[in-house]
Amino acid sequence: MLLSDLASRLNLERSGPDVEISGVGTLEEAGPEDLSFLANPKYKTQLRHTKAGAVITAPENAEGDRSFLLSSRPYLDFARAVRMFARTQGFYSAQSEQAYIHPEAEIHDQASVYPLACIGKGTSIGSGTSVFASVYIGENCSIGKNCTIYPGVNIMAGTVIKDNVLIHAGAVIGSDGFGFAQDMGGMEKFPQVGRVRVEEDVEIGANTSIDRAALGETVIGRGTKIDNLVQIGHNVHIGENCIIVSQVGIAGSTRVGNGVVLAGQVGVAGHLNIGDKCRVAAKSGVGKSAPEGTDLGGIPAVEHSRFLKNSVALNKLPGLLREMKKMQHELSELKQHMHGEE
Amino acid sequence: MLLSDLASRLNLERSGPDVEISGVGTLEEAGPEDLSFLANPKYKTQLRHTKAGAVITAPENAEGDRSFLLSSRPYLDFARAVRMFARTQGFYSAQSEQAYIHPEAEIHDQASVYPLACIGKGTSIGSGTSVFASVYIGENCSIGKNCTIYPGVNIMAGTVIKDNVLIHAGAVIGSDGFGFAQDMGGMEKFPQVGRVRVEEDVEIGANTSIDRAALGETVIGRGTKIDNLVQIGHNVHIGENCIIVSQVGIAGSTRVGNGVVLAGQVGVAGHLNIGDKCRVAAKSGVGKSAPEGTDLGGIPAVEHSRFLKNSVALNKLPGLLREMKKMQHELSELKQHMHGEE
Amino acid sequence: MLLSDLASRLNLERSGPDVEISGVGTLEEAGPEDLSFLANPKYKTQLRHTKAGAVITAPENAEGDRSFLLSSRPYLDFARAVRMFARTQGFYSAQSEQAYIHPEAEIHDQASVYPLACIGKGTSIGSGTSVFASVYIGENCSIGKNCTIYPGVNIMAGTVIKDNVLIHAGAVIGSDGFGFAQDMGGMEKFPQVGRVRVEEDVEIGANTSIDRAALGETVIGRGTKIDNLVQIGHNVHIGENCIIVSQVGIAGSTRVGNGVVLAGQVGVAGHLNIGDKCRVAAKSGVGKSAPEGTDLGGIPAVEHSRFLKNSVALNKLPGLLREMKKMQHELSELKQHMHGEE
């Protein structure tokens, strides 16, 4: 594709010579037919050495006579350019006889079911959706349009997945919540009879697990992105456009607002309310509800600015203990001295 | 079902009018034909607004002229009521020709094997057990009666699973332990030739992994419940009726007693002894053995009460550092003052 | 096998009577036909009670008239002995008609493909490699020789796996990295068009996930061992002979040197450089790059020796606060006293 065509499709201004673009790459790795990007001015020196045929960047960074696409949002526009060159994964677009599809399942003509997938009784699958190999979709599920269910995903009975949802390999949706009633002789399982509902445009990472509700629903809100190996407990409600990074765990019945960011390996206790736009630093353990817009850090989590101060202070603590001893000694000498005077 | 029938099946006293009950729900969501429950008196005000047809609760909470079942253990009795209305997951109850069953495997007539399951040589499966799609059970395994092996579970060679075990989707039982001998040129694998033994009434969560022993056995004791995404290392022995919450990791050769509770994201180092009824707070890192009944918290974990005090104190530390400076200043002034006097 | 044969195969000196050896076991569990080992002199008293037919140990520990193999590296030599008695897992060595193999895949005659595996278009699989049931290998992958791909593994399109790689059940290689560009209306996915390359002699644990690069490659270096439930982000480069213990998470674009050890549940932030031979204590959170040979601990991680001091000091902090109050009181009394004198 000519750079000028790309410019018009992305609605961007071009500077420098028009060139043929056939792929994309980082500034380090791109070749003469690749488009690259510069978003962070910190890496500006790489512009001198890159072999990229053209670079998307902000006008103020577009120095020299190379070919540029000028953008106020270079990362976003580069993402869109990448999409034009990206091939969709997969190699199968029919409904395989080597799959097991229950006779009472309703699969849209325009949906793909790979060999070795298994689809249960009373389940419906929308147009444009791909179900890869070794996927299990239990009975009475509803899967929307244009979803991608990558291989090895297990979707348990009654799950509702809306349109444009992307689920990565090995994720489990609708596993039983972890609920037991104590009896004298041990524990008795509380049957988990609720379901999971996943709204439009959600992405769910590899080997993540989302538990069904005990009663009612576990909900993942529209546009929320969940990374790999995340645990979402039963009856959790997550709002819209949240970012849940890898290995986060959210315990049962917690409500997470819209636009919340939970960084890697964060844990959130059960029955909490985490307000809109809260952000929690990696590895923190949240034990209390947090109002809208709070930044948190630490175990147990406190306001992030306090967490930073605590961390700095902790490194001074061993020295403080030594000084403390010294002061106690001085103080006692001073007292002796005074009593001696009297 | 009439509430009066339910009362007699649960062996509970009924108060208020007899009504038809066809389902279960929370106080918030239940309708006129649903049974609900109130266990925590904190939520008592919800009783006024609920549309539930009947409520299980303790006699002292049963106010008003609505229909009640009176119970001293409302959560446990509600769990039992839910079980009466719950449908078992699944839609297949034969032994599928679309599965692969090794000719030398012994599958009981009353066991189900879904399409696309794979069962190895010399493996036996007991009566009433269901093996879902995409399950792999390696050679020489023994699976008991009335087990549920949900889809995508992988059970490696030689594993022993006793009766009434429930394994959620994507769990791996019998993966190799992580053991290497250092050699000059790198690491040499210590072949992991032991096995995993899972006792009766155990539940294992989605995408959890339990490693086989290097030599001998990894053991999960009777009645223990393991949540999702948990890691159990090789040669770990877990006792009976333990609760192992999501994303916990237990390193190799550690012994966990009976009735132990490990909260979410806890890590336990290898070669430790964790005594009966120990409880470890979420996100803690246990680096030492703990005697029976110890409550632990923190990284590294200390007694839980101390962990709480440390956490409170840490938040005062930055202020302490400032006061310390001030005191040092005052002390030095005082000393100067005294020396000036002399 | 006679102990004398074992001695010559392991190139070790034998002491005591020659005996028949038919298996291996720990000192506690071994019987009269088993070989055992003693590496840590701490367990030397077990030598008196073991029923093992022979024991591999260092010459200085070989006391009594039992049969020994004398070794300066008893654990390594025992690992090699175990290998001689270990059976390889698995029960299938053909290319099953019950698998789905794309007509344009190239499977070596000497490779095994279990029933219910799925292999995509343009993928090649080398000699001696076993692909277990429910494995998915996407299009255009290259899998080397003598690899073991255990059941339920998902390898996404374009992945390169070199020779002698062992991948445990449920692992996902080549899932999308977690990358989104913020737009006004929400988040737009940055298409992840790079790949994963896994070098020779790597082991990857059960239910671990390794993300493909956004652009370019995610790389796992030769001889590196990765445990279960580990998360490797997009564009991470891991060097040779590293040990990555269970539930570790490494965020995007971080570079890990050679011989690095990350203990259980460690988190490493993105875009860092972790130098060769660094070692990070369990549960630590690494937020800064670290030069070669650094030992780290804590959240956020600091030098390990400092982390230990901080931890000890933290336990003294509540007491320190009390003493501080006392000192402030004394100091103020002293001041009053002096002013009184004036």
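Considerations on the overall build of chain A
Phase 1 of the analysis: In terms of regular secondary structure, chain A is built from 4 helices and 37 strands.
Phase 2 of the analysis: For 342 residues, the compact-globule estimate of 2.2 N^0.38 gives 20 Å, and chain A exceeds it by more than 25% at 28 Å.
Phase 3 of the analysis: Per-residue burial for chain A yields a buried fraction of 56% across its 342 residues.
Phase 4 of the analysis: Sequence-distant contacts, at least 24 apart, represent 19% of the contacts inside chain A between residues at least 6 apart.

Focus on the interface of chain A and chain C
Phase 1 of the analysis: In this assembly, 53 residues from chain A lie in contact with 56 residues from chain C.
Phase 2 of the analysis: It is helix 4 (residues 304–341) of chain A that contributes the most residues to the side of chain A that touches chain C, 13 residues altogether.
Phase 3 of the analysis: Along the lines of polarity and charge, the residues of the side of chain A that touches chain C split into 27 nonpolar, 20 polar and 6 charged.

So, the relation of the copies chain A and chain C
Phase 1 of the analysis: Superposing chain A onto chain C takes a rotation of 120° combined with a translation of 0.0 Å along the rotation axis, leaving an RMSD of 0.0 Å. One copy is carried onto the other by what is essentially a three-fold rotation axis. When C-alpha distances to the rotation axis are compared across chain A, the minimum falls at A:S134, with a value of 3.4 Å.

Quick look at the confidence of the model for chain A
Phase 1 of the analysis: For chain A, the mean per-residue pLDDT works out to 95, and 99% of the residues sit at or above 70.
Phase 2 of the analysis: The complex model carries a pTM of 0.96, and its ipTM stands at 0.95.

What about the environment of C:D276?
All names here are of chain C.
Phase 1 of the analysis: Mapped onto the elements of the fold, D276 is located in the loop between strand 33 (273–274) and strand 34 (279–280).
Phase 2 of the analysis: C-beta crowding within 10 Å serves as the criterion here: with 17 such atoms nearby, D276 is assigned to the partly exposed category.
Phase 3 of the analysis: Sequence separation of D276 and P291 is 15 residues, and the distance between their C-alpha atoms is 7.7 Å.

Some remarks on helix 3 (residues 74–85) of chain C
Phase 1 of the analysis: Across its 12 residues, helix 3 of chain C extends 17 Å between first and last C-alpha, which sits within 8% of the 16 Å expected from 1.5 Å per residue.
Phase 2 of the analysis: On its buried side, helix 3 of chain C packs onto strand 19 (180–183) and strand 20 (186–189) of chain B together with helix 1 (3–10), strand 2 (23–24), strand 3 (34–38) and strand 4 (54–57) of chain C.

Examining the sheet that holds strand 27 (residues 237–238) of chain A
All names here are of chain A.
Phase 1 of the analysis: One open sheet accounts for 9 strands, arranged 7-10-13-16-21-24-27-30-33; its pairing is parallel. In this open sheet, the two strands that pair with only one neighbour each are strand 7 (106–107) and strand 33 (273–274).
Phase 2 of the analysis: The sheet contact formed by strand 13 (residues 142–143) and strand 16 (residues 160–161) spans 2 bridges and is parallel. Counterpart to I143 in the pairing with strand 16 is I161.

A short note on the sheet that holds strand 34 of chain C
All names here are of chain C.
Phase 1 of the analysis: Strand order in this open sheet of 11 strands is 8-11-14-17-22-25-28-31-34-36-37, and the pairing throughout is mixed. Single-partner strands in this sheet number two, and they are strand 8 (112–113) and strand 37 (302–303).
Phase 2 of the analysis: Here 2 bridges tie strand 22 (residues 203–204) to strand 25 (residues 225–226), and the two strands are oriented parallel to one another. Along strand 25, the bridge assignment pairs E203 with K225.

With respect to the environment of C:N146
All names here are of chain C.
Phase 1 of the analysis: Position of N146 relative to the elements: it lies in the loop between strand 13 (142–143) and strand 14 (148–149).
Phase 2 of the analysis: As for N146 and N164, which are separated by 18 residues in sequence, their C-alpha atoms are 4.9 Å apart.
Phase 3 of the analysis: Not counting chain neighbours up to four residues away, the residues in contact with N146 comprise G128, T129, D163 and N164.

Section: the domain arrangement of chain A
Phase 1 of the analysis: Assigned domains of chain A: these are domain 1 (3–85), domain 2 (100–303) and domain 3 (305–342).
Phase 2 of the analysis: Between the C-alpha centres of domain 1 of chain A and domain 2 of chain A there is a distance of 37 Å.

Section: the pairing of strand 19 (residues 180–183) of chain A
Phase 1 of the analysis: Across 4 bridges, strand 19 of chain A lies against strand 20 (residues 186–189) of chain A in antiparallel orientation. When the bridges of strand 20 of chain A are listed, A:D183 appears paired with A:G186.

Structural notes on the interface of chain B and chain A
Phase 1 of the analysis: Chain B puts 53 residues into the contact, and the matching count from chain A is 56 residues.
Phase 2 of the analysis: Contributions of two or more residues to the side of chain B that touches chain A are made by helix 3 (74–85) and helix 4 (304–341) of chain B.
Phase 3 of the analysis: Take the side of chain B that touches chain A: its biggest share by element is 13 residues, from helix 4 of chain B.
Phase 4 of the analysis: Class assignment of the residues belonging to the side of chain B that touches chain A gives a composition of 27 nonpolar, 20 polar and 6 charged.

Parameters at a glance
Residues numbered from 1 in each chain as written. Chains lettered and ligands numbered in written order. Predicted model: local features only at pLDDT ≥ 70, side-chain atom pairs only at ≥ 80, totals over all residues. Helix = DSSP H or I, 4+ residues; strand = E, 2+ residues; numbered from the N terminus. Rg over C-alpha atoms; globule rule 2.2 N^0.38 Å. Buried ≥ 20, exposed ≤ 12 C-beta atoms within 10 Å, placed from the backbone. Contact = placed C-beta atoms within 7 Å. Nonpolar A, V, L, I, M, F, W, Y, C, P; charged D, E, K, R; others polar. Least-squares fit on C-alpha atoms with pLDDT ≥ 70 in both. pLDDT = per-residue confidence, 0-100. Expected span 1.5 Å × (residues − 1). Pairing = 2+ DSSP bridges. Domains from an automatic or database assignment.

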